[in-house]
Amino acid sequence: MTTALISHDDCRDHVTPPGHPEQVARLDAVLGALKELDLLRVKAPLAAEDDLLRAHPKAHVDAIRASAPADGWRSLDADTHMSRGTLTAAYRAAGGVIRAVDMVMTGEANNAFAAMRPPGHHAERQTAMGFCFFGNVVIGAKHALDHHGLDRVAIVDFDVHHGNGTQDLVEDDPRILFCSTHQSPLYPGTGAAHEVGVDNVLNVPLPGGTGSKGFRDAIEQLVLPRVDAFAPQLLIISAGFDAHAADPLAGMELQTEDFAWVTGRLCDLAAKHCDGRVVSSLEGGYDLPALGASAAAHVRILEERGR
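Here goes a summary of the coordinates provided. Just so you know, these numbers come straight off a predicted model, no measurement behind them.

Some words on the nonpolar core
Ranked by internal contacts, the top residues of the largest apolar core, which has 94 residues, are Leu34, Phe113, Phe134 and Leu234. Looking at this core element by element, the count peaks at 12 residues for helix α4 (residues 86–106). Apart from the residues within four sequence positions on either side, phenylalanine 134 is in contact with Leu52, His56, His60, Val61, Ile64, Ala90, Tyr91, Pro119, Gly120, Ala123 and Ile139.

Set out below in structure tokens:
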């Protein structure tokens, strides 16, 4: 068994305006940090429209397609911009998670990391926002449920921003458990503890300045017991690294080692409940050195567990 690294050069063709934090260099930083690891490297396919429609109505998919510019940029909101290559990159980002799910479910790999952009956890059913166009991890989770016949998939999101899109896409589906740790108050202003879906959503808002101890306590005391009780058949991670102390878009104080630690603890539960099946997908992280180091720490743990 091994760990699959799924990416595609098309993700570099999603070009944001100068100075935008969700930039091409993010992917370069991640892939550069992983180049020495012994990973099974796989090119992400394009998601099929039927895959996208598991999570989004056709009107949303059509609207994103219609918004794609021939040149320059088109802004869907103040943060979310499309260039000529964005549409293909967004299809690859969703397709990369689907490919990761297929590889893990069929035994081609024990676990997988989808190093893709644009990210996905802010994309709501009918709204692209927060740098995101399609709900990549939810599309992967629903593919696992529908195509591989699973009954329970857990999504754990440790990005510093609440995954409002993921919550919007799963909060009425009891087959999917969504657990999120995130700084609050912070964009997008959602993720209060009282938002529980159909008893399938666990939000753990943390104050700015939370460091390693506060984060680890939240994971140990709240997230891990909830995932353990759910007993998922597949664990999907929304791997955002912007809770790092160096990140410019937030105010939490995590260190690189915290991302290795949480990855290991989640892998422990995956080993207990789902034969180690873990799919991780890149979300945020905007300080390039911290992003590269944190992603490498995360994937090293996956690689150790995937041997």
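Focus: the sheet that holds strand β7 (residues 176–183)
The eight strands lie next to each other as β2-β1-β5-β10-β9-β6-β7-β8, forming an open sheet whose pairing is parallel. The outermost strands of the open sheet, each flanked by one partner alone, are β2 (40–43) and β8 (201–206). The mean inter-strand angle of the sheet, taken between neighbouring strand axes irrespective of direction, is 15 degrees. Docked against the sheet, α4 engages β1 (3–7), β2, β5 (111–114), β9 (234–239) and β10 (278–282), running at close to 165 degrees with respect to β10. Across the sheet, helix α9 (residues 288–305) touches β1, β5, β9 and β10, and the angle it forms with β5 is around 160 degrees.

Examining unusual backbone geometry
Omega for the peptide link from serine 184 to proline 185 comes to 5 degrees, which places this bond in the cis form. Topologically, proline 185 is positioned in the loop between β7 and β8. The residue after tyrosine 187, namely proline 188, is reached through a cis peptide bond having omega 5 degrees. Structurally, proline 188 can be placed in the loop between β7 and β8.

Description of the pairing of β10
Of all five residues making up β10, five are buried, and the element is well covered by its neighbours. Here β10 shows a buried face lined by Val278, Ser280 and Leu282 and a second buried face lined by Val279 and Ser281. In this structure, β5 lies alongside β10, joined through four bridges in parallel fashion. The partner of alanine 114 across the bridge, within β10, is serine 281. As defined by bridge partners, β9 adjoins β10 across five bridges and the pair is classed as parallel. Looking at the pairing, leucine 235 lines up with valine 278 of β10.

Concerning the pattern of salt bridges
Enumeration according to the criterion identifies 25 salt bridges in this entry. Between arginine 99 and glutamate 108 there is a salt bridge whose closest N-O contact spans 3.3 Å. For glutamate 108, a relative accessible area of 40% translates into the label partly exposed. For arginine 265, the salt bridge identified is with aspartate 268, shortest N-O distance 3.0 Å. Taken together, the residues arginine 265 and aspartate 268, both in helix α8 (residues 256–273) and three residues apart, mark about one turn of the helix. Taken together, the shared-partner salt bridges in this structure form one network comprising Asp51, Arg54, Lys142, Asp146, Asp173 and Arg175.

A look at helix α7 (residues 212–230)
With 19 residues, α7 should reach 27 Å at 1.5 Å per residue; the first-to-last C-alpha distance of 26 Å fits that figure. Where α7 bends most, the angle comes to about 35 degrees, and this point is isoleucine 219. Buried residues of α7: Phe215, Ala218, Ile219, Val223, Leu224, Val227 and Phe230, and no others. Among the structural elements, β6 (153–157), β7, β8 and α8 are those in contact with the buried residues of α7. Two residues or fewer past α7, alanine 231 is found with a positive phi of approximately 55 degrees.

Some words on the packing of helix α1 (residues 24–34) against α9
Their axes nearest at 8 Å, the elements α1 and α9 cross at an angle of 45 degrees. As far as their axial angle goes, α9 and α1 are oblique. In this structure, α1 crosses over α9, and the sense of that crossing is right-handed. Where α1 abuts α9, its residues Ala25, Arg26, Ala29, Val30, Ala33 and Leu34 lie against Leu288, Leu291, Gly292, Ala295, Ala296 and Val299.

What counts and what doesn't
- Every residue gets a number counted from 1 within its own chain, in the order that chain's sequence is written.
- It should be noted that, the model being predicted, local features are given only for residues of pLDDT at least 70 and side-chain atom pairs only at 80 or more, the latter also being counted only at that level, while totals for whole chains, interfaces and linings use all residues.
- Just so you know, side-chain values use all the structure's heavy atoms and leave hydrogens and water out.
- Residues grouped as a nonpolar core are buried Ala, Val, Leu, Ile, Met, Phe, Trp, Tyr and Cys residues, joined through side-chain atoms within 4.5 Å.
- Think of it in three bands: residues with accessible area under 20% of the maximum for their type are buried, residues over 50% are exposed, and the middle band is partly exposed, with areas taken using a 1.4 Å probe on protein chains only.
- Helix and strand assignments follow DSSP, with helices taken as H or I runs no shorter than four residues and strands as E runs no shorter than two, numbered in order from the N terminus.
- Residue contacts are counted whenever heavy atoms from the two residues lie within 4.5 Å of one another.
- Paired strands, in this sense, are two strands between which DSSP finds at least two bridges.
- In this analysis, axes come from line fits to C-alpha atoms, helices being fitted only over the stretch in contact, and the angle between any two N-to-C directions falls in the range 0 to 180 degrees.
- Between Lys or Arg on one side and Asp or Glu on the other, a salt bridge is scored when a side-chain nitrogen of the former is within 4 Å of a carboxyl oxygen of the latter.
- Here, expected helix span is obtained from the residue count minus one, scaled by 1.5 Å.
- By definition, a residue's bend is the angle between the axes fitted to the seven residues ending there and the seven starting there.
- Orientation is classified from the angle alone, with under 35 degrees giving roughly parallel, over 145 giving roughly antiparallel, 65 to 115 giving roughly perpendicular, and any other angle giving oblique.
- In this scheme, a crossing is called left-handed if the near helix is turned counterclockwise away from the far one by less than a right angle; it is called right-handed if the turn is clockwise.

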